[in-house]
Amino acid sequence: MEKHYLYDTHIHTAQTSPCGKLDAADTVDYYAAHGYAGLVITDHLHAEFIRKSDNGKGWNHVIDLYLDGYRAAKKRGDTIGFDVILGAEMRFEDNNNDYLVYDINEAWLRNHPYVICREAREFYEKFHNEVLIMHAHPYRDGNLTVFEDAVHGIELINTNPRHENHTDRAVDLAKRHPEYYLQAGSDMHQIPDRCQAGIISHRRIRDSHEYAEVIRSGNYDLYAPQFPQYINEYHQLMNGR
Ligand SMILES: [Zn+2]
Ligand SMILES: [Zn+2]
């Protein structure tokens, strides 16, 4: 039988995200105990975080603080053989959309000071050959501003229970864009959010680059046991491609 590796693609930590309520190392332990092979830490990297963290100390200091949650998770993951992957959830100055960014590493973050202080489209135009840019929960709470040609794909299913994510509209968007990569994630901030979504890969994923490779290959399935109807829609959509 082919092996399966389950990864949550969208995780916040209490160490880095002010809205994150759960310790990074505890989160790793919980996911490992519930059958996951790994997760991607996607803490918020937005203007407010940067302003608060910079405080006259500069970009490297911002990244030191930004990596707190990732490092705590990675340290724990390395001791138990669980894959902890670096991502980021960015927000740009021109609107309130959130973008999940993969295929990054610490050096990339350090080498792009204040990278998020740009428009979403400008970010895509500048970096789309370097990183993977996925629109997080594109229609959350009635969002009307989706730059459809400035992302590689979307978070089709987001299981955060404290928002109305309008997944049906995300499915329509994905139908209009057969070129989009699609993923599912929990957007984990609190206890009830844990282990609710992810991707099922046929290969192990050890870092952000390998994560992007799997997504670009299309060789994975989506996981969201609370939403079988959307998984169904996803399968129909992929069969039609
Ligand atoms: Zn948050
Ligand atoms: Zn998030």
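In this report, the structure presented in the accompanying data block is examined.

Each value, and the rule that gives it
- Residues numbered from 1 in each chain as written.
- Chains lettered and ligands numbered in written order.
- Predicted model: local features only at pLDDT ≥ 70, side-chain atom pairs only at ≥ 80, totals over all residues.
- Pairing = 2+ DSSP bridges.
- Helix = DSSP H or I, 4+ residues; strand = E, 2+ residues; numbered from the N terminus.
- Axes fitted to C-alpha atoms, helices over the stretch in contact; angles between N-to-C directions.
- Contact = placed C-beta atoms within 7 Å.
- Buried ≥ 20, exposed ≤ 12 C-beta atoms within 10 Å, placed from the backbone.
- Parallel < 35°, antiparallel > 145°, perpendicular 65-115°, else oblique.
- Left-handed = near helix turned anticlockwise from the far one by under 90°.
- Nonpolar A, V, L, I, M, F, W, Y, C, P; charged D, E, K, R; others polar.
- Arc of directions from axis to C-beta.

### Looking at the sheet that holds strand 11 (residues 220-223)
Taken in spatial order, the five strands make up an open sheet running 4-2-1-10-11, and their pairing is mixed. Bordering the open sheet on either side are strand 4 (83-86) and strand 11, each of which pairs with just one other strand. Put simply, the sheet's adjacent strands are angled 25° from each other on average, direction ignored. Of the strand pairs in this sheet, strand 10 (residues 198-201) and strand 11 are connected by four bridges, and their pairing is antiparallel.

### Focus on the sheet that holds strand 8 (residues 153-158)
The mixed open sheet is built from six strands, whose spatial order is 3-5-6-7-8-9. Both outer strands of the open sheet, strand 3 (44-45) and strand 9 (181-185), are each paired with one neighbouring strand and no more. Where strand 8 and strand 9 come together, five bridges link them in parallel fashion. Residue pairing for strand 9: Gly153 is matched across the bridge by Tyr181. Each of strand 8 and strand 9 is contacted by helix 7 (residues 167-176), which is oriented at about 150° to strand 8, the strand it contacts most.

### With respect to the pairing of strand 4
Residues of strand 4 alternate between two faces, with Asp83 and Ile85 on one and Val84 and Leu86 on the opposite face, all of them buried. Examined bridge by bridge, strand 2 (residues 38-41) and strand 4 share four bridges and lie parallel to one another. Across the sheet, Leu39 pairs through a bridge with Val84, a residue of strand 4.

### Topic: the packing of helix 1 (residues 24-33) against helix 4 (residues 68-80)
Where helix 1 meets helix 4, the closest approach of the two axes is 7 Å, and the angle between their N-to-C directions is 40°. As far as their axial angle goes, helix 4 and helix 1 are oblique. When the axes of helix 1 and helix 4 are compared, the crossing they make is right-handed. Here helix 1 contributes Ala24, Ala25, Thr27, Val28, Asp29 and Ala32 to the contact with helix 4, which in turn contributes Gly69, Ala72, Ala73, Arg76, Gly77 and Ile80. Here the contact of helix 1 with helix 4 is composed, by residue class, of seven nonpolar, three polar and two charged.

### A short note on helix 1
In an α-helix, one full turn covers 3.6 residues, which means residues spaced three or four apart are oriented alike. Regarding helix 1, the residues found buried are Ala24, Ala25, Thr27, Val28 and Tyr31. Taken around the axis of helix 1, the buried residues stretch over an arc of 155°, which confines them to a single face. On the buried face of helix 1, the contacting elements are strand 1 (5-11), strand 2, helix 4 and strand 4. Two residues or fewer past helix 1, Gly35 is found with a positive phi of approximately 90°.

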